[in-house]
Amino acid sequence: MQKLKVGITGTHGTGKTSLAHSLVGYLKELGFNAGYIREFVRDCPLPVGTEKENSAAAQTWILCRQLIEELEAVHKYDILICDRTVIDNYAYFLWNLRAGRTASEELQKIASSILDSWAHTYDFIIKLPITTTLSADGFRSTDAQWQREIDSTIIELLAEKNVKHNTIRIAPNSTRVIDILKILKLMPSEQQSLQVGPDAPV
């Protein structure tokens, strides 16, 4: 089958990670060679995670890491699910600039270049809306206003860069997985024309 790269985008606290796990698990049950790349915010050696502990430099590190991980993983799987995309990662970078935090001209060029050259490499982008109240986990911000600001910036970037995407409804992951499979045209009833792997029936 043709390889697919699916990006799950949205602000923090919208359930991207749990949905990515559920989606990959279901795809594997269907027989697909599916995998996912996780988010890398917690790996960043620079202060990041909240609106107070953040910087353009940290977000550039995350953007570059996202790019590297996607380049590596896309060759391992027929269907790659990305927990985050360069679009939402860039939204945090842009938020820092708008908040008055400095970034060198070089960093700004790197970040904007990654966004412009990579935003359209996803075969499908799934946008998650804000769903639940943020809860403290010892790392991620619980500021609802910041969550909304990032969400608005993501929506702005998707429109500005003319990135095709599907916003899925607020629902349990089991329902969302089915919604996404329909978007990808990978529902079991539609699989007969697809080759699932070397042992796929003919």
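For the structure, check the block above.
(A) Focus on the overall build of the protein. Counting its regular elements, the protein contains 6 helices and 5 strands. Relative to the 2.2 N^0.38 estimate, which gives 17 Å for 202 residues, the radius of gyration of the protein is 17 Å and therefore close to what a compact globule would have. In terms of principal-axis extent, the alpha carbons of the protein reach across some 60 × 35 × 30 Å. A buried classification covers 47% of the 202 residues belonging to the protein. Excluding contacts between residues fewer than 6 apart, the proportion of contacts in the protein whose partners are at least 24 apart in sequence is 77%. With the model as given, the accessible surface of the protein reaches about 10,000 Å², and the carbon-plus-sulfur share is 52%. Positive and negative side-chain charges in the protein, numbering 22 and 24 respectively, have mean positions lying 3 Å apart.

(B) Seen up close, the sheet that holds strand β1 (residues 4-9). Here we have 5 strands laid out as an open sheet, ordered β2-β3-β1-β4-β5, and parallel in their pairing. Each edge of the open sheet carries a strand with a single partner, namely β2 (34-37) and β5 (166-167). Direction of pairing for strand β4 (residues 124-127) relative to β5: parallel, over a ladder of 2 bridges. Paired with isoleucine 126 across the strands is asparagine 166, a residue of β5. Running over the sheet, helix α2 (residues 56-73) touches β1, β2 and β3 (79-83) and is turned about 165° from β3. Here helix α6 (residues 173-184) sits on the sheet and contacts β1, β4 and β5; the angle it forms with β4, its principal contact strand, is near 150°.

(C) Representation of the side chain of threonine 14. The topology assignment puts threonine 14 in the loop between β1 and α1 (16-29). A polar atom in the side chain of threonine 14 sits 2.9 Å from the backbone oxygen of threonine 11. Contact partners of threonine 14, with chain neighbours within four places excluded, come to Leu128, Pro129, Ile130, Thr131 and Arg176.

(D) Region of interest: the layout of surface pockets. There is about 310 Å³ of room inside the largest pocket. Lining the largest pocket are 21 residues, with His12, Gly13, Glu39, Arg84 and Arg140 positioned closest to its centre. Those elements giving two or more residues to the lining of the largest pocket turn out to be α1, α2 and α3 (86-98). When its residues are assigned to classes, the lining of the largest pocket shows 6 nonpolar, 9 polar and 6 charged.

(E) Structural context of the nonpolar core. Core analysis: the largest hydrophobic core is formed by 29 residues, its most contacted members being Val86, Ile87, Tyr90, Ile150 and Leu157. Elements that contribute at least two residues to this core include exactly α2, β3, α3, α4 (105-118) and α5 (144-160). No other element matches α3, which puts 8 residues into this core. Leu19, Val24, Ala34 and Ile126 belong to the second-largest nonpolar core, a separate cluster that totals 21 residues.

(F) Representation of the pattern of salt bridges in the model. Using the criterion set out here, one finds 13 salt bridges in the structure. Here lysine 161 makes a salt bridge to glutamate 160, at a shortest N to O gap of 3.7 Å. Judged by relative accessible area, which is 25%, lysine 161 ranks as partly exposed. The network of salt bridges with shared partners includes Arg38, Asp43, Arg65 and Glu69.

(G) Quick peek at the state of the cysteines. For the structure shown, the criterion picks out 0 disulfides. Between cysteine 64, a free cysteine, and cysteine 44, which holds the nearest cysteine sulfur, the sulfur-to-sulfur gap is 11 Å. Free cysteine cysteine 82: the closest other cysteine sulfur is in cysteine 64, separated by 16 Å. According to the relative accessible area criterion, cysteine 82 is buried, its value standing at 0%.

What counts and what doesn't
Residues numbered from 1 in each chain as written. Predicted model: local features only at pLDDT ≥ 70, side-chain atom pairs only at ≥ 80, totals over all residues. Heavy atoms only, no water. Helix = DSSP H or I, 4+ residues; strand = E, 2+ residues; numbered from the N terminus. Rg over C-alpha atoms; globule rule 2.2 N^0.38 Å. Buried < 20%, exposed > 50% of the residue type's maximum accessible area, 1.4 Å probe, protein only. Contact = heavy atoms within 4.5 Å. Areas by Shrake-Rupley, 256 points an atom, 1.4 Å probe, with all protein chains shown as cover. Lys, Arg positive; Asp, Glu negative; His and termini not counted. Charge placed at Lys NZ, Arg CZ, Asp CG, Glu CD. Pairing = 2+ DSSP bridges. Axes fitted to C-alpha atoms, helices over the stretch in contact; angles between N-to-C directions. Polar contact = N/O pair within 3.5 Å; in protein donor to acceptor, adjacent residues only side chain to side chain. 1 Å grid on protein atoms, 1.4 Å probe; cavity = no way out; pocket = protein on both sides within 12 Å on 5 of 7 lines; lining within 4 Å. Points joined across faces, edges and corners; volume = space filled by probe spheres on them. Nonpolar A, V, L, I, M, F, W, Y, C, P; charged D, E, K, R; others polar. Core = buried A, V, L, I, M, F, W, Y, C linked by side-chain atoms within 4.5 Å. Salt bridge = Lys/Arg side-chain N within 4 Å of Asp/Glu carboxyl O. Disulfide = S-S within 2.5 Å.

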